[in-house]
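# Working through the structure, step by step
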Amino acid sequence: MNKIKKDILILGIESSCDETAAAVLHNGRIVANIISNQEVHRQYGGVVPELASRAHQQNIVPTVDAALRKAKVSPQQLSAVGVTAGPGLQGALLVGLSFAKSMSMALGIPLIGVHHMQAHILANFIEDASGQAPQFPFLALTVSGGHTQLVLVRDYFEMELLGQTLDDAVGEAFDKTAQILGLPYPGGPEIDRLAQQGNPHAFRFPIPKVEGLDFSFSGLKTSVLYFLRKKQNEDPEFIRKHLVDIAASVQYTIIEILTGKIQKAVSQTGIKRLVLGGGVSANRGLRSRLAQLATSKGWELHVPRFEYTGDNAAMIAITAYLKYQKGIFDDLRLVPKARWQL
Ligand code: KG4
Ligand code: ZN
């Protein structure tokens, strides 16, 4: 007789920044992945925390409802609810967390608090995320709008931070450069698109000298600003004429900073398995440079599918599922942690 395996259905909820997202995971597989973007921030050129909280409040019910309907799952069938508990914007986190607590209480199912940066890494364990799931140990580079981290991952929840940004996150470097160039927010995808058509060696920007495996990106923004000021004094049309080359050169510098530290981390740890995560891991220049390096240096590279790079709830659901299997649960005393060490 066939052994009947109990189905595990996890609802994942994400509301740490400017995406309200809900996903349903059936065993290891995503069966619904809904993301409501908040367009309201575009006009301000960045995320306005108070507006984010309000938009989450408006979006949370329809987003969760859409995910359950897409998955054809009723709330009563759920095994647990996983939710981002931090790090992120306090008021934004509070919306998702309060909602998840209510569901957990009403349905009598476990509540599982998820670390957003762990989730960006564990997104690579979604069954259809990036081909074969990575084996432990591996190095993870998480690159997003709020974080830039190099992490040694020994097991699902055994992560050691090897290095991180001392100032701006890499996503901010993209967004701030884009803002200087007059491009819409978020600027990362815009720079990525323009860089495809430009010459990465047209202009040279300095690579900061930072100790160990930490990063720094604030100097790049300043040097781009001064460079453009000078050039525009000579020719007010400079940006318009050289937009694709500026984008390609800035992106090249960012990729050099990131890959330089990865190479250092590989030689320090001897680990040649690299996993990428976070919004900036959608960047095509970064992906192709890392693929090139992986081939020439014999690394194993895992890059998540595009829908699992930026903020999403599928990564929250998979992390909650892994915790569920280990019996790691929270209770209603769980509070949002705007800052939360890995
Ligand atoms: O992980 P994410 O969605 O949110 C945070 O947790 O911050 O990352 C958002 C960041 C933004 O800075 C955005 O500009 C950047 O990811 N981003 C990109 C690309 N797509 C998104 N940066 C460079 N190239 C891209 N294709
Ligand atoms: Zn994120």
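Residues numbered from 1 in each chain as written. Chains lettered and ligands numbered in written order. Predicted model: local features only at pLDDT ≥ 70, side-chain atom pairs only at ≥ 80, totals over all residues. Heavy atoms only, no water.

### Details of the coordination of the zinc ion (ligand 2)
- Distances from the zinc ion (ligand 2) to its protein donors, H116 (NE2), H120 (NE2) and D311 (OD), fall within 2.1 Å.
- Around the zinc ion (ligand 2) sit four donor atoms; with metal-centred angles ranging over 90 to 151°, the donor geometry is irregular.
- Donor residues for the zinc ion (ligand 2) sit on one chain with the sequence pattern H-x3-H-x190-D. Of the two residues, H116 sits in helix 3 (residues 116-122) while D311 sits in the loop between strand 10 (300-302) and helix 9 (314-326), which places them 195 residues apart along the sequence.
- The exposure class assigned to H116 is buried, which follows from its relative accessible area of 5%.
- You can call D311 buried: its relative accessible area is 16%. (Donors = N, O, S within 2.8 Å, 3.2 Å for Na, K, Ca; no water. Tetrahedral: all angles 85-135°; square planar, octahedral: opposite > 155°, others 65-115°. Helix = DSSP H or I, 4+ residues; strand = E, 2+ residues; numbered from the N terminus. Buried < 20%, exposed > 50% of the residue type's maximum accessible area, 1.4 Å probe, protein only.)

### Some points on the sheet that holds strand 10
- Read across the sheet, five strands follow the order 8-7-6-9-10 without closing on themselves; strand pairing throughout is mixed. In the strand order of this sheet, the two ends are held by strand 8 (158-164) and strand 10, each with one partner. The mean angle between the axes of side-by-side strands here comes to 25°, regardless of whether they run parallel or antiparallel.
- With six bridges connecting them, strand 7 (residues 148-155) and strand 8 associate as antiparallel partners. When the sheet's bridge partners are listed, L152 is paired in strand 8 with E160. (Pairing = 2+ DSSP bridges. Axes fitted to C-alpha atoms, helices over the stretch in contact; angles between N-to-C directions.)

### Considering the site of ligand 1
- The full set close to ligand 1 counts 19 residues, and G145, D175, D192, G279 and D311 are the nearest of them.
- One nitrogen or oxygen atom from the side chain of H120 is found 3.3 Å from an oxygen atom belonging to ligand 1.
- Elements with a contribution of two residues or more to the shell around ligand 1: helix 3, helix 4 (170-180) and helix 5 (187-195).
- Its residues placed into classes, the shell around ligand 1 shows five nonpolar, eleven polar and three charged.
- Viewed by domain, the shell around ligand 1 spans two of them, domain 1 (9-125 + 309-326) and domain 2 (138-303), each represented by three or more residues. (Near = heavy atom within 4 Å. Polar contact = N/O pair within 3.5 Å; in protein donor to acceptor, adjacent residues only side chain to side chain. Nonpolar A, V, L, I, M, F, W, Y, C, P; charged D, E, K, R; others polar. Domains from an automatic or database assignment.)

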